[in-house]
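# Observations on chain architecture
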Amino acid sequence: MKISIFWVCLLTFITFSFNAQTPVVTGRIVDAITNVPLPQVKIATEGSFTEVFTNPEGYFSLEATNFASSEIILQLSHPNFLSKRLAIKITSESKDLGIIVLQPDPFYEKAAQNSISLTDAEILQEEAEFDNISGLLQASKDPYLNAAAFDFGQTFYRVRGLGAENAKLLINGIEMNKLYDGRPQWSNWGGLNDVQRNQELSPGISPDDYDFGGLGGTTNILMRASKYPNNGRLTLSGSNRSYTGRIMATYASGELSGGWFYAFSTGRRYSEEGYIEGTVFSANSFFVAIEKQLNPAHSLNLAAIYTPVTRGRSAPLTSEVLNLKGATYNPYWGYQNGKIRNSRMREVKEPIVMLNHIWILNSEIEINSGLSFQFGEVANSRIDYGGMNIADANGQEFFYGAGSNPDPVYYQKLPSYFLRFEGDENFEKAYRARQDILTNGQLNWSGLYEGNILGVDGNAIYALAEDVNRDRLLHGNSVLNWTPHDHLKLIGGVKFAKLSGENFARIKDLFGADRFLDVDIFSNSAQSDLRNLNRTVAESETYKYNYIVDSESWEGFSQLLFRKDKLELSLAGKIGAVSFQRTGNYQNGTYPGNSYGEGEQSNFREYGVKGGVLYKLSGKQNFQFNAAVLTNPPAYKNVFLNPRVNNLLVPEIDEEQIFTSDLSYRYRTSKFNTRLSLFYSEIKKITEVSYYYTDGLSGLGRENTRAFVQEILTDVDKQYMGLEFGAEYQVTSTIKLKAAAGLGEYIYSNNPQLKLSSSAFPEKLDYGQAFLKNYRLPGGPQNAFQLGFEYRDPAYWWFGASVNYFEKAFIDINPLLRTTNFQKDYDGLPLVEYDAEEARDLLQQEEFPGYFITNLIGGKSWRIKNKNLGMFVSINNLFDKFYKSGGFEQARNSNFRTLKEDRARKMPVFGNKYWFGQGTTFFANLNYRF
């Protein structure tokens, strides 16, 4: 009897256990317009790490266990759609939410402008230090970051004053920042907007699921085949910015039989001339991804990206040239056979192949591993006018020839050059120079051919050369994501990179000549390679310099996250190392003992610790505090003195030391969304190497004080502090008001050390401190403000407008002018006429005037059966406001005497050079989704 009772009880318990299965919440999410299922929609529960993503058919299933409350809040989010919050009652029974529709965010089409704005920023960042790419990549649903990306970005505003080298850009979890300068090169995947919409953003030093992150935030672009919905998209675009036309075609298969997925995208962007004169643009884009789900635990994704681009660059202008030719003038181009030809072309051809393995061990552990290989080259063209010939006189070898600078606005061709001496002006030549620039002012291509024909002995005087960087870069990483508890998550990862970068100059066009003599006219006719004396080179052959930089780096990081109803904590750390070594392929005539063969290896270490706390006062408001201490190794462009001609390393270079913190308050309801943040950052021990020609150097012991120099600025400290504010208010179901502001003070916070190196003098010139403390950092406006509105009609049309004000933008100062050299004559003695009060006026940093810019956007969507036709139009700078977007002080006059003389002229010969913002521009986009 007892045995019978036991078995009855056991059977009853087992039956109850099987019937008491874990309740689940299920549903299917679709596009509200097309009814197409949406994959990769994130369904997260507030107050825990419990989250799932919809599958390729839009379905999701969420286990409703371990919740402290009987009611949970589900957050449904996707980068291209309006987010939705759902309150769900938890019971012992499963719940099917059925079909859930997400409304497309009409303003996500702003992202279509990203490639245009990024291209503009890249063109400028090649010549100056005020790119805003990191801000453009941080477009999100945060009001301030949205304003910074799409409205402030056109003026090269930097979020928290930081450049792209301070942010991390990942594709499928693999870092894309270049080792050369620490910045991602958007050209490597530009024009693929349709397959780059799945972005995960971690702003600032907030926790990230793939990387320790950078000071300026981390963005991961998901480009896996399984993450795209099963549809196609055709896009036509027109603009008057970087390019005039664009066409794109994209298709994703969704899940096929056998667990296969594929996606591809191709496009073309083109322009005979952009907003700036002579800026030709031609780019093609190709992307393909194939993914195989081997089983529920393992997936492999193979992706290939190739986006070759060729574009013409533009030049900064002095006020004199601006007054003569206008803000869109560009001296780099001229007509050849009736067609525009730009002498400063940039060609980027660097394919990327990427393999990712996704291993889902169980519901708690996931490991993402990846390998990427990038190869190809980047080439920047320029005119070399130093071609010469060789002769022998009584057994003595000598060189002769060389041409004049063909730049149509070279300082010796400007009116100011002929009027520079008061009382001895040459008005006739000044008038002729002015008329020549006004009537023509462009590069004379036929004159280059004629110069080579008239040259003697057959060697070219002029040649079109290219500076080529040919990288082979291998990246790898593996990241573990472990959620042992609904309120606890551990992330850890390792990554490595191995670079072999070949750098050389190459002859592209000899303008009708056969050969070019490979000696350097600017270094006393020094041989480029002593192992090949008096070598002459033909088209497509290398010359001038040829070297390889090898680099290896690794980094490991770990991160612990805790999330409860009212409290979120994070703690992360990293360690790593990087090395650089130059190997010279030429034995340079100026540096015969340290230019050929392997140089000394330079090694750096890095570490970092960061943490954050978020406290929720209620479901509507919270406070968040983040802080970090870390080091970063220098980019290799600042490790070598002059890698084109020698193996020398920058002396006493060290890792950058960084401290940062921020405090934020957020308030959010169904109608009102706002954030206010205060931030403070220090970056210390920065090293910067720059190159320029200057006159007025002291301590040389000679009256000739001119030289082409390498400026080594070490122990540079920079300080960034300010506040960010963003707010949105939903006045009605169709009207939203928005406001944003960024106020910053970004300064040099110490007086760094300055040395000069040059082939013109044997030893480095040590000028001690450069008195830069409290000067403002360059890089676009430091203050920005916005007021605007958006209207969204239920019939799927929308428009918006914003008024933006910018101020506190400053010229990039020349550090050499702020050293003791400024006060001294060529013999090292003080200048007799030096006056401290006048010097203070001469060295005052130029601040650009503030300005307003008004922008408009609008669009319309039409549903055609289960297809969608969409249109988007934006107009920037509606009232054609003229403004300076950046600039720098020329370094030609490096002491008090010469600078004072030049500034006293009605039109300085070596005045500041500027870049200017674009006037009224438009972008129009038409797309068809099927």
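Numbering of residues starts from 1 in every chain and runs along the sequence as written. Where totals are concerned, whole chains, interfaces and linings use all residues; where local detail is concerned, this predicted model gives features only for residues with pLDDT of at least 70, and gives and counts side-chain atom pairs only at 80 or more. The basis for the side-chain values is all heavy atoms of the structure; hydrogens and waters are excluded.

## Description of the overall build of the protein chain
Along the backbone of the protein chain there are 10 helices and 52 strands. We compute the radius of gyration over the C-alpha atoms and compare it with the globule rule, which gives 2.2 Å times the number of residues raised to the power 0.38. Against the compact-globule benchmark of 30 Å for 930 residues, the protein chain has a radius of gyration of 30 Å, which places it among compact chains. With respect to the principal axes defined by its C-alpha atoms, the protein chain has extents near 130 × 55 × 55 Å. With a 1.4 Å probe rolled over the protein chains alone, any residue whose accessible area is under 20% of its type maximum counts as buried; one over 50% counts as exposed, and the rest are partly exposed. A buried classification covers 56% of the 930 residues belonging to the protein chain. Approximately 39200 Å² of the protein chain is accessible, and the part contributed by carbon and sulfur atoms is 55%. With 93 positive and 102 negative side-chain charges, the protein chain shows a separation of 6 Å between the mean positions of the two kinds. The numbering of helices and of strands both runs from the N terminus, where a helix is a DSSP run of H or I of at least 4 residues and a strand a run of E of at least 2. Each accessible area value is a Shrake-Rupley result obtained with a 1.4 Å probe; residue values ignore everything except the protein chains displayed when judging cover. Counted charges follow a simple rule, with Lys and Arg positive, Asp and Glu negative, and His plus the chain ends left uncounted. A charged residue contributes its charge at one atom only: NZ of Lys, CZ of Arg, CG of Asp or CD of Glu.

## Describing empty space enclosed by the protein
Cavity means a closed set of points on a 1 Å grid over the protein atoms alone, one where a 1.4 Å probe fits but cannot get out, pocket means an open set with protein on both sides within 12 Å along at least 5 of 7 lines, and lining means a residue has an atom within 4 Å of a point. Grid points are joined across faces, edges and corners, and a volume is the space filled by probe spheres set on the points. For the coordinates displayed, the defined rule picks out 13 cavities of 30 Å³ or more. Here the second largest cavity defines a volume of roughly 350 Å³. Considering the residues around the second largest cavity, the lining is formed by 24 residues, among which Asn80, Asp194, Arg197, Pro229 and Asn231 are closest to the centre. Secondary-structure elements contributing two or more residues to the lining of the second largest cavity are strand E12 (232–239) and strand E13 (245–252). Residue contributions to the lining of the second largest cavity peak at 3 residues, all from E13. Residues that form the lining of the second largest cavity fall into these classes: 11 nonpolar, 7 polar and 6 charged. Gly is placed with the polar residues, together with every amino acid not listed as nonpolar (Ala, Val, Leu, Ile, Met, Phe, Trp, Tyr, Cys and Pro) or charged (Asp, Glu, Lys and Arg).

## Here we look at the pattern of salt bridges
Salt bridges are defined as contacts in which a side-chain nitrogen from Lys or Arg sits within 4 Å of a carboxyl oxygen from Asp or Glu. Inspection of the entire model under this criterion finds 47 salt bridges. Note that Arg675 and Glu724 form a salt bridge whose closest N and O atoms lie 3.0 Å from each other. On the criterion of sequence distance, the pair formed by Arg675 in strand E39 (residues 672–695) and Glu724 in strand E40 (residues 706–730) is long-range, its members being 49 residues apart. Here Arg675 falls in the buried class, since its relative accessible area comes to 7%. If you follow the salt bridges from partner to partner, you end up with Glu347, Lys349, Glu377, Glu466, Arg470, Arg506 and Lys508 in one network.

## Description of the packing of aromatic side chains
In summary, the pairing rule links any two rings of Phe, Tyr or Trp, Trp by its six-membered ring, whose centres are within 6.5 Å, and it sorts them by plane angle into stacked for under 30 degrees, edge-to-face for over 60 and tilted for everything else. Counted under the stated rule, the structure contains 43 aromatic pairs. Between Tyr791 and Trp797, the aromatic rings sit 5.2 Å apart at their centres with planes inclined by 45°, giving tilted as the arrangement. According to the relative accessible area criterion, Tyr791 is buried, its value standing at 18%. Here Trp797 falls in the partly exposed class, since its relative accessible area comes to 33%. Each residue in the set Phe152, Tyr157, Phe806, Tyr851 and Tyr883 is aromatic and connected to the rest through ring pairs, giving one cluster. A cation over an aromatic ring shows up here: Arg341 above the ring of Trp445, its NZ or CZ 4.2 Å from the ring centre. Should the NZ of a Lys or the CZ of an Arg lie within 6 Å of a ring centre and within 35 degrees of the ring normal, that charge is described as sitting over the ring. Here Arg420 stacks its cationic end above the ring of Tyr417, 3.8 Å away from the centre of that ring.

## As for unusual backbone geometry
Positive phi values are uncommon outside glycine, yet Asn534 reaches one of about 50°. For Asn534, a relative accessible area of 23% gives the class partly exposed.

## Comments concerning the sheet that holds strand E8 (residues 168–171)
Pairing is mixed across the open sheet formed by 4 strands, whose spatial order is E9-E8-E11-E10. Edge positions in the sheet fall to strand E9 (174–175) and strand E10 (199–202), since each has one partner strand and no second. A pair of strands is treated as paired once DSSP finds two or more bridges between them. Pairing of E8 with strand E11 (residues 218–221) involves 4 bridges; the strand directions are parallel. Bridge pairing in E11 links Leu169 to Thr219.

## Notes on the confidence of the model for the protein chain
The predicted model of the protein chain has a mean per-residue pLDDT of 90, with 93% of residues at 70 or higher. Mean pLDDT per element in the protein chain: helix H3 (residues 133–136) is the minimum at 41, and strand E16 (residues 298–306) is the maximum at 98. Predicted confidence is poor over residues 111–139, with pLDDT under 50, and the contacts of this stretch with residues over four places away or in other chains come to 104 contacts. A residue's pLDDT is simply how confident the predictor is in it, with values from 0 to 100. Two residues qualify as a contact provided that any one of their heavy atoms is within 4.5 Å of a heavy atom in the partner residue.

## Digging into the side chain of Ser416
Its place among the elements puts Ser416 in helix H6 (residues 415–418). For this analysis, a polar contact is any N or O atom pair within 3.5 Å, provided that within protein one partner can donate a hydrogen and the other can accept it, and provided that sequence-adjacent residues contribute only side-chain to side-chain pairs. Separated by 2.7 Å, the side chains of Ser416 and Glu320 make a polar contact.

## Points about the pairing of strand E15 (residues 281–295)
Bridge count for strand E14 (residues 260–271) against E15 is 12 bridges, and the pairing is antiparallel. The residue bridging Phe261 from the neighbouring strand is Glu291, located in E15. As defined by bridge partners, E15 adjoins strand E17 (residues 309–312) across 3 bridges and the pair is classed as antiparallel. Opposite Ser282, over in E17, you have Thr310 as the bridge partner. Between E15 and E16, which pair antiparallel and follow one another directly, the connecting turn spans 2 residues.

## Some words on helix H7 (residues 427–439)
A helix's residues, less one, multiplied by 1.5 Å, set its expected span. Counted at 1.5 Å a residue, the expected span for H7 with its 13 residues is 18 Å, and the 18 Å between its end C-alpha atoms agrees. Inspection of H7 places Ala430, Ala433 and Ile437 among the buried residues, and these make up the whole buried set. When H7 is viewed along its axis, its buried side chains cluster within an angular range of 65° and face the same direction. Exposed and facing more than 90 degrees away from the buried side of H7 are Phe427, Glu428, Tyr431, Arg432 and Thr439. Close packing links the buried residues of H7 with helix H5 (319–325) and H6. Note that the arc is defined by the directions from the helix axis to the C-beta atoms.

## Things to note about the sheet that holds strand E18 (residues 317–318)
Pairing within the open sheet is antiparallel, and its 3 strands lie in the order E18-E51-E50. Of all strands in the sheet, those with a lone pairing partner are E18 and strand E50 (884–888), marking the two edges. Relative to strand E51 (residues 913–916), E18 is paired through 2 bridges, and the arrangement is antiparallel. The partner of Thr318 across the bridge, within E51, is Lys913.

## A word on the environment of Glu200
The topology assignment puts Glu200 in strand E10. Taking relative accessible area as the criterion, Glu200 reaches 24% and is therefore assigned partly exposed. In this structure Glu200 touches Tyr210, Thr218, Thr219, Asn220 and Leu222, once residues within four positions along its chain are discounted. Within the structure, the side chain of Glu200 is placed 3.0 Å from the side chain of Tyr210, a separation counted as a polar contact.

## Overview of the pairing of strand E4 (residues 59–63)
The side chains of a regular strand alternate, first on one face of the sheet and then on the other. Side chains Phe60 and Leu62 project from E4 onto a buried face, and the interleaved Tyr59, Ser61 and Glu63 project onto a face without burial. Where strand E1 (residues 24–31) lies against E4, 5 bridges are found, and the strand directions are antiparallel. Bridge pairing in E4 places Gly27 opposite Phe60.

## Re helix H4 (residues 143–150)
Burial runs high along H4: 7 of the 8 residues are buried. Regarding H4, its N-cap is Asp142, as a side-chain oxygen of that residue lies 3.0 Å from the backbone nitrogen of Tyr144 further along.

## Some points on the nonpolar core
By convention a nonpolar core is built from buried Ala, Val, Leu, Ile, Met, Phe, Trp, Tyr and Cys residues, the set being connected through side-chain atoms within 4.5 Å. With 59 residues, the main nonpolar core has Leu697, Leu756, Phe761 and Phe822 as its most contacted residues. Considering each element in turn, this core owes the most residues, 5 residues, to E40. When neighbours within four sequence positions are excluded, Phe761 is seen to be in contact with Leu697, Leu700, Ala707, Val709 and Leu756. Core analysis: the second largest hydrophobic core is formed by 28 residues, Leu499, Tyr547, Ile653 and Ile712 among them.

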